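# Residue-level structural notes
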There are 4 protein chains.
Amino acid sequence: MNTFGRNFKVGIFGESHGEAIGVVIDGVKAGMPLSKEDFMEDILRRKSGAKGTTPRVESDEPEILSGIYEGHTTGAPIAIIFRNSNTRSSDYEALKEVPRPGHADFTASVKWNGFNDPRGGGHFSGRLTLPLVAAGVIAKKQCGFSFKADLTEIGGEVDKAKWPDLLAATAKEGDSIGGVVECRVDGVPAGLGEPFFDSVESLISHAVFSIPGVRGIEFGDGFAASRLHGSEHNDPLVATKRPMLAKNGAGGVNGGITNGAPIVFRVAFKPTSSIAKTQRTLNTKTGEIVDLNVPGRHDVCFALRTPVIVEAVAAIVLADLLRCQDTVFSRL
Amino acid sequence: MNTFGRNFKVGIFGESHGEAIGVVIDGVKAGMPLSKEDFMEDILRRKSGAKGTTPRVESDEPEILSGIYEGHTTGAPIAIIFRNSNTRSSDYEALKEVPRPGHADFTASVKWNGFNDPRGGGHFSGRLTLPLVAAGVIAKKQCGFSFKADLTEIGGEVDKAKWPDLLAATAKEGDSIGGVVECRVDGVPAGLGEPFFDSVESLISHAVFSIPGVRGIEFGDGFAASRLHGSEHNDPLVATKRPMLAKNGAGGVNGGITNGAPIVFRVAFKPTSSIAKTQRTLNTKTGEIVDLNVPGRHDVCFALRTPVIVEAVAAIVLADLLRCQDTVFSRL
Amino acid sequence: MNTFGRNFKVGIFGESHGEAIGVVIDGVKAGMPLSKEDFMEDILRRKSGAKGTTPRVESDEPEILSGIYEGHTTGAPIAIIFRNSNTRSSDYEALKEVPRPGHADFTASVKWNGFNDPRGGGHFSGRLTLPLVAAGVIAKKQCGFSFKADLTEIGGEVDKAKWPDLLAATAKEGDSIGGVVECRVDGVPAGLGEPFFDSVESLISHAVFSIPGVRGIEFGDGFAASRLHGSEHNDPLVATKRPMLAKNGAGGVNGGITNGAPIVFRVAFKPTSSIAKTQRTLNTKTGEIVDLNVPGRHDVCFALRTPVIVEAVAAIVLADLLRCQDTVFSRL
Amino acid sequence: MNTFGRNFKVGIFGESHGEAIGVVIDGVKAGMPLSKEDFMEDILRRKSGAKGTTPRVESDEPEILSGIYEGHTTGAPIAIIFRNSNTRSSDYEALKEVPRPGHADFTASVKWNGFNDPRGGGHFSGRLTLPLVAAGVIAKKQCGFSFKADLTEIGGEVDKAKWPDLLAATAKEGDSIGGVVECRVDGVPAGLGEPFFDSVESLISHAVFSIPGVRGIEFGDGFAASRLHGSEHNDPLVATKRPMLAKNGAGGVNGGITNGAPIVFRVAFKPTSSIAKTQRTLNTKTGEIVDLNVPGRHDVCFALRTPVIVEAVAAIVLADLLRCQDTVFSRL
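Okay, so let's go over this structure.

Rules used throughout
Residues numbered from 1 in each chain as written. Chains lettered and ligands numbered in written order. Predicted model: local features only at pLDDT ≥ 70, side-chain atom pairs only at ≥ 80, totals over all residues. Heavy atoms only, no water. Helix = DSSP H or I, 4+ residues; strand = E, 2+ residues; numbered from the N terminus. Contact = heavy atoms within 4.5 Å. Least-squares fit on C-alpha atoms with pLDDT ≥ 70 in both. Salt bridge = Lys/Arg side-chain N within 4 Å of Asp/Glu carboxyl O. Buried < 20%, exposed > 50% of the residue type's maximum accessible area, 1.4 Å probe, protein only. Buried area = accessible area lost by both parts, 1.4 Å probe. Arc of directions from axis to C-beta. Pairing = 2+ DSSP bridges. Axes fitted to C-alpha atoms, helices over the stretch in contact; angles between N-to-C directions. Parallel < 35°, antiparallel > 145°, perpendicular 65-115°, else oblique. Nonpolar A, V, L, I, M, F, W, Y, C, P; charged D, E, K, R; others polar. Phe/Tyr/Trp six-rings, centres within 6.5 Å; stacked < 30°, edge-to-face > 60°. Core = buried A, V, L, I, M, F, W, Y, C linked by side-chain atoms within 4.5 Å. Disulfide = S-S within 2.5 Å.

As a further point, take the environment of I275 of chain A. Summarising the element assignment, I275 of chain A is placed in the loop between β15 (263-269) and β16 (279-282). Measuring from C-alpha to C-alpha, the distance between I275 of chain A and Y69 of chain A comes to 45 Å, with 206 residues separating the pair along the chain. Look past the residues within four positions of I275 of chain A in its chain and what remains in contact with it is G174, D175, S176 and V294 of chain A together with G230, S231 and N234 of chain B.

Both copies of the chain are related by one operation, a rotation about an axis with a shift along it. Least-squares fitting of chain C to chain D yields an RMSD of 0.0 Å, with the transformation described by 0.0 Å of translation along the axis and a rotation of 180°. Here the two chains are linked by the operation of a two-fold rotation axis. Take the interface residues of chain C: 100% of them recur as interface residues in chain D, which is what a same-surface contact looks like.

Inspection of every chain in the model, using the stated rule, returns 88 salt bridges over all chains. For D60 of chain B, the salt bridge is made with K47 of chain B, and the minimal N-O distance between the two is 3.4 Å. Of this pair, D60 of chain B sits in the loop between α1 (37-46) and β4 (63-64) while K47 of chain B is found in the loop between α1 and β4, placing the two residues 13 residues apart along the sequence. Between E19 of chain C and R83 of chain C there is a salt bridge; the shortest N-O distance is 3.6 Å. Placement of the pair is E19 of chain C in the loop between β2 (9-14) and β3 (20-26) and R83 of chain C in strand β7 (residues 78-83), with a sequence separation of 64 residues. The exposure class of E19 of chain C is partly exposed, given its relative accessible area of 44%. The partly exposed category is assigned to R83 of chain C, whose relative accessible area is 25%. Three or more residues are tied together by salt bridges with common partners; here these are E19, E63 and R83 of chain A together with E19, E63 and R83 of chain C.

Contacts between the two partners involve 104 residues from chain C, matched on the other side by 104 residues from chain D. Interface area for chain C against chain D, summed over the two sides, is near 8,000 Å², with a carbon-plus-sulfur share of 61%. Counting the surface chain C buries against chain D, the share from its top three residues, F196, F197 and R215 of chain C, is 12%. Linking chain C with chain D are one salt bridge. Here K111 of chain C ties to E194 of chain D by a salt bridge, and the two come within 4.0 Å at their closest N and O atoms.

Let's shift gears to helix α5 (residues 163-172) of chain A. Residues and elements named next belong to chain A. Here α5 has its buried residues at W163, L167 and T170. Mapping the buried residues of α5 onto a view down its axis gives an arc of 70°, with all of them on the same face. Exposed side of α5, more than 90 degrees from the buried face: P164, D165 and K172 are the residues found there. Contact partners of the buried residues in α5: β8 (146-154).

With that out of the way, let us pick up the sheet that holds strand β8 (residues 146-154) of chain D. Two strands in a sheet stick together by hydrogen bonds in their backbones, pointing the same way (parallel) or opposite ways (antiparallel). Taken together, eight strands build an open sheet; the order of strands is β8(C)-β9(C)-β15(C)-β10(C)-β10(D)-β15(D)-β9(D)-β8(D) and the sheet is antiparallel. In this open sheet, the two strands that pair with only one neighbour each are β8 (146-154) of chain C together with β8 of chain D. Each strand axis lies, on average, 20° off the axis of its neighbour in the sheet, ignoring direction. Here strand β9 (residues 179-186) of chain D runs beside strand β15 (residues 263-269) of chain D; their pairing, made up of seven bridges, is antiparallel. From the neighbouring strand, V180 of chain D faces β15 of chain D, where its bridge partner is A268 of chain D. Contacts from helix α6 (residues 200-208) of chain C reach β10 (214-219) and β15 (263-269) of chain C together with β10 (214-219) of chain D within the one sheet, and its direction differs from that of β10 of chain C by about 160°.

It is at 8 Å that the axes of helix α6 (residues 200-208) of chain A and helix α6 (residues 200-208) of chain B come closest, and there the two elements cross at 170°. The orientation of α6 of chain A relative to α6 of chain B falls into the category roughly antiparallel. Within the contact between the two elements, α6 of chain A uses S202, L203, S205 and H206 of chain A and α6 of chain B uses S202, L203, S205 and H206 of chain B. Of the residues in the contact of α6 of chain A with α6 of chain B, the class split is two nonpolar, six polar and no charged.

Okay, the packing of aromatic side chains next. For the coordinates displayed, the defined rule picks out 30 aromatic pairs over all chains. Summarising the aromatic geometry, the rings of F196 of chain B and F197 of chain B are spaced 6.3 Å apart at their centres and angled 70° between planes, so their arrangement reads as edge-to-face. For the residue pair F196 of chain B and F197 of chain B, the accessibility class agrees, reading buried in each case. One aromatic cluster is present, built from ring pairs that chain together F4 of chain A together with F196 and F197 of chain B.

A few words now on the packing of α1 of chain B against helix α8 (residues 307-322) of chain B. Residues and elements named next belong to chain B. As a packed pair, α1 and α8 sit with axes 7 Å apart at the nearest point and diverge in direction by 130°. In this view, α1 runs oblique relative to α8, as classed from their interaxial angle. Contacts between α1 and α8 involve D42, R45 and R46 from the first element and P307, V308, I309 and E311 from the second. The residue inventory of the contact of α1 with α8, partitioned by class, reads three nonpolar, no polar and four charged.

With that out of the way, let us pick up the nonpolar core. Counting residues in each nonpolar core, the largest one holds 145 residues, and the members touching the most others are F265 of chain C together with F265 of chain D. Ignoring any residue separated from it by four or fewer positions in sequence, one finds F265 of chain C in contact with V181, E182, C183, I204, V208, I217, E218, F219, V310 and A314 of chain C. Within the second largest apolar cluster, 144 residues are counted, among which are I138 of chain A together with F8, I64 and F269 of chain B.

Turning to the pairing of β15 of chain A, a few remarks are in order. Residues and elements named next belong to chain A. Taking burial as the measure, the seven residues of β15 include seven buried ones, the bulk of the element. By the alternation rule, side chains of β15 split into I263, F265, V267 and F269 and V264, R266 and A268, which are all buried. Inspection of the sheet shows strand β10 (residues 214-219) paired to β15 by five bridges, in the antiparallel sense. What sits directly across from I217, in β15, is V267.

Residues and elements named next belong to chain B. Inspection of α1 places F39, D42, I43 and R46 among the buried residues, and these make up the whole buried set. Projected down its long axis, α1 shows its buried positions confined to an angular sector of 105°, all on one face. Pointing more than 90 degrees away from the buried face of α1 are the exposed residues E37, E41 and L44. Its buried side turned inward, α1 meets β4, β7 (78-83), α4 (129-143) and α8.

In this section: the environment of G11 of chain C. All names here are of chain C. Along the chain, G11 turns up in strand β2. Spatially, the C-alpha atoms of G11 and V28 are 13 Å apart, while their sequence positions differ by 17 residues. With near-sequence residues (within four places) excluded, G11 lies in contact with N2, T3, G22, V23 and V24.

The subject of this paragraph is the state of the cysteines. Residue and element names in this part refer to chain D. Taken as a whole and judged by the stated rule, the model has zero disulfides over all chains. C143 takes part in no disulfide bond, and the closest cysteine sulfur, belonging to C183, lies 11 Å away. Looking at the unpaired C301, the closest cysteine sulfur is the one in C183, lying at 17 Å.

Given below as structure tokens:
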């Protein structure tokens, strides 16, 4: 279902070109100061306009419908909607018979027997990450941890100085590129998470893979750990007043449970599926292979927008975990 | 919590050196033939004894307590337990003050205020994957899909001919190595999964990260996708009677929903945490850094045992998804 | 949390005097015709204006934000909001220090540390049953069963001819009365529900007790069953082509599972808490016992509005059950 | 599914005449002293042997498989099983074609396509309340509240002095009678529960209706509230250091949330379904109406055993609520 969490519950709805998209956040602590302005920084980080992202100007103004009274959270569910505007539905009419490669057009149609809203990807649109970001703002506030995600490579290039040229060249070819985001969460106490099945990695990966375009996730040493010896990867505690780990190859988690070190994970994003370049694909109605030119203006590298989204889902997971953990509970 | 699933629900319990470990599987279809023998093949695949795994002979005989009547599943929950035996608790007494690097000894102690069962990792033991495998056997039967997981590399080595020497050399050094498992599921219909938050990747990664020792997961082209162009990674449909994908870079999933191609994902396992080699770590009682020699016999490469476990959790996820999907529902 | 259901999931939000109240319904079958007009009949049944209900004219116009495309459900979540208007917040200012007897003013304030929205009961308002009714409209459509709830008594009076006088007399005294609603669902197949813990009675009572003002629920013979002999209450099957029950003292459910007979249950509603009559209660700020006159116009008997709400929650439960039941699944 | 709870999760399994029945309890606080002896008092209260209950001597010895180490809870799931013995399967062979009136024989068979275990009611047996009682023991310990349930009437008779004669007379006729249990929980803090959909009444009724044989539940004034005036039923706060309610007609709950007064509710149990008296019912194989004599020895009034079961499920609900409630959380 379109909800996540047991104690800090987030549900999203809406379609790219429908009336509105939105989110309901339940389990928000009462008494936190919260206003529309609190959302703008993260919304702007996600917003289009940067080099390599689509120039479409979206209506990203949050409208808070509930859960706030006199500038504070009430404890009741917070509903936030974003009206859609500046949509060009006609762009998508021709795509009904020819599902765009890499998009969910085909699977959505199969799943919902052809009744899915096809305009702009409908409910599968990347625009749905906007309410996720809004939920993340509240989750961050509730956690009080420090979330910091950065794009570390695009198209395999780790030297940020070379990115402008790479983006320009890719745009010129009418093509797209992917990227990798690294996220680090500082300040998380030890003891959160469960051995089975709700390990911290389980919950974070669950939430991360609902961001459109994710292809992989790794924690700490990640895939590289599979090529290390135990004596290299093992992470001894070292003497301090409060126990600390020498390395952080486990990414802050042992046995599914936070160990007090920063949580560190990396997320692989695929290249943008919509490209200007001509593609050969199936017309599902006629059965013929046809040329497809995806109309509209699209991100050369949508991964550029994703760090704030990755932070958001990590914050949602941790806000959810914080509320029902026994050690935290018994210590407060 | 120690349960997974909404419609095919799996809950595990037990400690490595306690009375018994076990699993309760709820949501099993009534009328499937099922006997103790059905479990033995997968249990043997997981069992110790192969080169590179610990020679400890565990008591892996399943005892079915409920849910079976006259050789068939009844529809009621199936409880299966495995008695523990041949345990050497004294091996672990010395480790109480000195948490083993890479293990959950420290985090379990923090989470449960020191009341956790420390013997053999307690509830965090790799032995808990045995009931997972048992649940997987039932899940596979219920799905009817073909699950095939293989170890593709250990210690970074992909040439299987070189593995015996690598394992022998690592064992001689008293060290350990990790590995990568690739899993492929054939026969999955299109239309399973949800866009948010229960994408197929979300659910599979959630389940996979509850296997001890997992550091990363990737679907289809995975991390490599982040270094491809859209024109390379995009996966056009090609003309056939039933729509088919040209490549399978998405690993069988678009927009969180199965597309009818095989589901393909890879899982990175860290090297075994318990090694014979001396390690320097903290005595949490005295605050001194001490030499630690982890006693007992341990797997040089526990990843060797994991393919059947990866299959099991994938099967559990798909059995869970199958039961509540609308298209599947309306078509049967 | 403010959500119900596993497969047909309903979440509500909003406060009586906030921006809007609303509901998100997830798990709706794709392809059902659905428009704003479909909601009006049930909304009108719940609406104020009948004898004995408050003359306040609410803004009960549904605004559908998502999940509908070209007049049909898409399979994606349906969000519906109702703007609030015609509110008189000043009525409630004086009540902050003096919680109204029978209302949630006190408990909401304790739960949310005084940050709850106090206007008109905030999130606890009976107005929140409006989105429930909207969700019920969709649930009924999805089930295809026949739901019929009626008020069978008010203030203990079962003779409907006497109700107008009873209501008038009670209103004149500035007092209020309660009532009992009986709900019957026809057309439910045998086999829905679970023995533990999701019996049909468990799920229906769970949903029913989230309607404000419910004090009790009973199925079939109900409390009277406790005074019967087994030979009177037992319900033998009688010979027909498809097995049928002679009586329906079990209210359509045996062992938690529907038996094919109509589901029948009764719900007791308390008298309206807000009354014009002066009440003696605590000023929680000063600690004094004071006279309280609850301002505003209120229902003499809000139970008059509830049959459609009872139908709605019963429909939500059955829509949720229908999607994941094995026998239904295997027979379609 | 056969599980209840989000934070204190209880799952039961087993059949009356299978290998064993049992329960897994997850979310138990670490460090509580717990031994087999702690279960015996409540198990004895439920046990057969009292006047009016069946003389069958069951094997009610709990076997704890996990979650306890050195006499204390570890924080990991606690699995407890009860071996079945002294069963007389042959009693039930004849009933396969003739479902017993009032039992789940027919619905279980429909739900599970005839593969259900028919012996002694299988998974639907009242014996499954034994693991519930065991879970209740742990829940009570974890809550620390005072639970007190009593049978207040049997067969409509409230004068306990007359019960022995009533039971004897009913037994002589080969018939059975029902009863009403009242449960009171003292010591519950204000602020537990949710307005929608997880009101305290919702959760308690959900759990209570999974006890076999329940026909109704009411809180506080219950059904009688529907016949009261608001001025009678309303419950003003009265001056004390900590706010207190004058009456307790709401049964300790306002707006779904505990108000600090004792939680009080009543549960109606039907008469025992198995009676010696001859019943006329359907042979589902032949389609004929036949005489049925249910063999075996059965409770004249199984309600006599139920108070401890009602306490158990109430304790399970409150243990579950306690762990994730914001006010409780923020105050500890």
